[in-house]
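# Inside the fold
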Amino acid sequence: MELRIFTEPQQGASYDELLAVARCAEDAGYAAFFRSDHYLKMGDVSGDPGPTDAWTTLAGLARETNRIRLGTLMTAATFRLPGPLAITVAQVDQMSGGRVELGIGTGWFGEEHTAYGIPFPSLGERFDRLEEQLAVITGLWATPPGETFDFAGRYYPVSGSPALPKPVQAPRPPILLGGMGAKRTPRLTARYADEFNLPFASVEDTVTQFGRVRDACAEIGRDPAELRWSNALVLCCGRDDAEVARRAEAIGRDPDELRENGLAGTPGEVIEKIGRYAAAGSERIYLQVLDLADLDHLELVAAEVLPKV
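Residues numbered from 1 in each chain as written. Predicted model: local features only at pLDDT ≥ 70, side-chain atom pairs only at ≥ 80, totals over all residues. Heavy atoms only, no water.

This part takes up the overall build of the protein chain. When helices and strands are tallied, the protein chain shows 11 helices and 12 strands. For a compact globule of 309 residues, the expected C-alpha radius of gyration is about 19 Å, and the protein chain comes in at 19 Å, within 12% of that figure. Along the longest, intermediate and shortest principal axes, the C-alpha atoms of the protein chain span 60 × 40 × 35 Å. Put simply, the protein chain has 309 residues, and 53% of those count as buried. (Helix = DSSP H or I, 4+ residues; strand = E, 2+ residues; numbered from the N terminus. Rg over C-alpha atoms; globule rule 2.2 N^0.38 Å. Buried < 20%, exposed > 50% of the residue type's maximum accessible area, 1.4 Å probe, protein only.)

Written as structure tokens, this is what we have:
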């Protein structure tokens, strides 16, 4: 099982705080540092000092880290046009020496769109736009040098694009799709994704949704073994119950609820829970770390959990 760190900076984090977490994760041996792509805080937190842009953050980290992979869970298709997004991701891939991954989704948080003047169409249209974005981004990256790319899209028509720049990774940076959608999500995953991620889902729901994606792969003749399978879960690990309770209080959660719905408890409890997701087919866990000042949390899991999963 591969463990990756996943942060939610819209809840309140500066670039320097994110850099400290990314460097700690790299030094501790985690495989990747991912961040959400949101422009507005959620819940009863201040959100200070305000949001940071996901791809600006990753560009900075590309130059200030050396090994760890970098990506988004998930970039909202509503935030960016597909051509400029393909350029941005390719450039950050170059800046990182080929360590970037693109998680992308429809966008779902209506209030952040209103707060920053971003159009927020219906769910059906958001899926239509996401599908076109995936076609354009993958098409631009796949176009051989010296040739041009065209796409007769409803929302994002492209004509005569030189399809530059190219990312370092070949054939492209990995693309992550995810979520519990029963129909379009599995179909888009089977067609476009390199990894399927299921956030904050039970083991039972993981089995069900992974099965839907495998069925969608079978419908188009794709081997599901070509996909990586992952979950994202909130982390709250402590050396004893008192430390678990302290970390739960710091993020405004109940320890028992976290044990039920996340990866919470002592290292032994966390290892056991990870094993249940592994049995369901998961190969990666994105550890959602909400208290970004608590670097000892990352170091504890790296020392006591990472070598045993």
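Our focus in this paragraph is unusual backbone geometry. Here the bond from leucine 164 into proline 165 is cis, since omega is 0°, no more than 30 degrees from zero. Note on placement: proline 165 falls in the loop between strand S7 (158-161) and strand S8 (175-178). Positive phi outside glycine occurs at alanine 163, with the angle close to 60°.

Our focus in this paragraph is the packing of helix H2 (residues 54-64) against helix H3 (residues 82-96). Orientation of H2 relative to H3, taken along the N-to-C sense of each, is 20°, at an axis distance of 8 Å. As judged from the angle between their axes, H2 and H3 are roughly parallel. As for the relative orientation of H2 and H3, their crossing is left-handed in sense. Packed against H2, whose contacting residues are Trp55, Leu58, Ala59, Ala62 and Arg63, the element H3 presents Leu85, Thr88, Val89, Val92, Met95 and Ser96 at the interface. Residue composition of the contact of H2 with H3, grouped by class: 8 nonpolar, 2 polar and 1 charged. (Axes fitted to C-alpha atoms, helices over the stretch in contact; angles between N-to-C directions. Parallel < 35°, antiparallel > 145°, perpendicular 65-115°, else oblique. Left-handed = near helix turned anticlockwise from the far one by under 90°. Contact = heavy atoms within 4.5 Å. Nonpolar A, V, L, I, M, F, W, Y, C, P; charged D, E, K, R; others polar.)

Next up on the list: the packing of aromatic side chains. Taken as a whole, this structure holds 8 aromatic pairs when the rule is applied. Relative to tryptophan 229, the ring of phenylalanine 210 lies with its centre 5.0 Å away and its plane at 55°, an arrangement referred to as tilted. Separated by 19 residues along the polypeptide, phenylalanine 210 in helix H7 (residues 203-219) and tryptophan 229 in strand S10 (residues 228-237) bring together distant segments of the chain. Both residues of the pair, phenylalanine 210 and tryptophan 229, count as buried. Here the aromatic residues Tyr39, Phe79 and Tyr116 are joined through ring pairs into a cluster of three or more. Positioned above the aromatic ring of tryptophan 229, the side-chain terminus of arginine 214 is 4.5 Å from the ring centre. (Phe/Tyr/Trp six-rings, centres within 6.5 Å; stacked < 30°, edge-to-face > 60°. Lys NZ or Arg CZ within 6 Å of the ring centre and 35° of its normal.)

Attention now goes to H2. The buried fraction of H2 amounts to 8 of the 11 residues, a majority that puts the element mostly inside the structure. Contacts from the buried residues of H2 go to helix H1 (15-28), strand S2 (32-35), strand S3 (69-72), strand S4 (75-76), H3 and strand S5 (100-105). You can read the cap of H2 off the contacts: a side-chain oxygen lies 3.1 Å from the backbone nitrogen of tryptophan 55, and it is on aspartate 53. (Polar contact = N/O pair within 3.5 Å; in protein donor to acceptor, adjacent residues only side chain to side chain.)

Further remarks concern the side chain of aspartate 37. Counting through the fold element by element, aspartate 37 comes out in the loop between S2 and H2. For aspartate 37, the side chain forms a polar contact with the side chain of threonine 75, separated by 3.1 Å. At a separation of 2.8 Å, a polar atom in the side chain of aspartate 37 contacts the side chain of arginine 80.

We now examine the nonpolar core. In terms of nonpolar packing, the biggest core is built from 75 residues, with Leu3, Ile5, Tyr30, Phe33, Trp55, Ile104 and Leu287 touching the most fellow members. It is helix H5 (residues 123-142) that provides the largest number of residues to this core, a total of 8 residues. Residues in contact with leucine 287, not counting those within four places in the same chain, are Leu3, Arg4, Ile5, Phe6, Tyr30, Leu233, Leu235, Leu263 and Val301. (Core = buried A, V, L, I, M, F, W, Y, C linked by side-chain atoms within 4.5 Å.)

On to the side chain of arginine 247, then. Note on placement: arginine 247 falls in helix H8 (residues 241-250). Within the structure, arginine 247 has its side chain in polar contact with the backbone oxygen of cysteine 237 (distance 2.9 Å). With residues up to four places along the chain from it excluded, the contact list for arginine 247 reads Cys236, Cys237, Gly238, Asp294, Asp296, His297 and Leu300.

Below, the discussion takes up the packing of H1 against helix H11 (residues 295-304). Relative to each other, H1 and H11 sit at 15°, their axes nearing to 10 Å. Relative to H11, the element H1 lies roughly parallel. The crossing of H1 and H11 is right-handed. Here H1 contributes Ala20, Val21, Cys24, Ala25 and Ala28 to the contact with H11, which in turn contributes Leu295, Leu298, Glu299 and Ala302.

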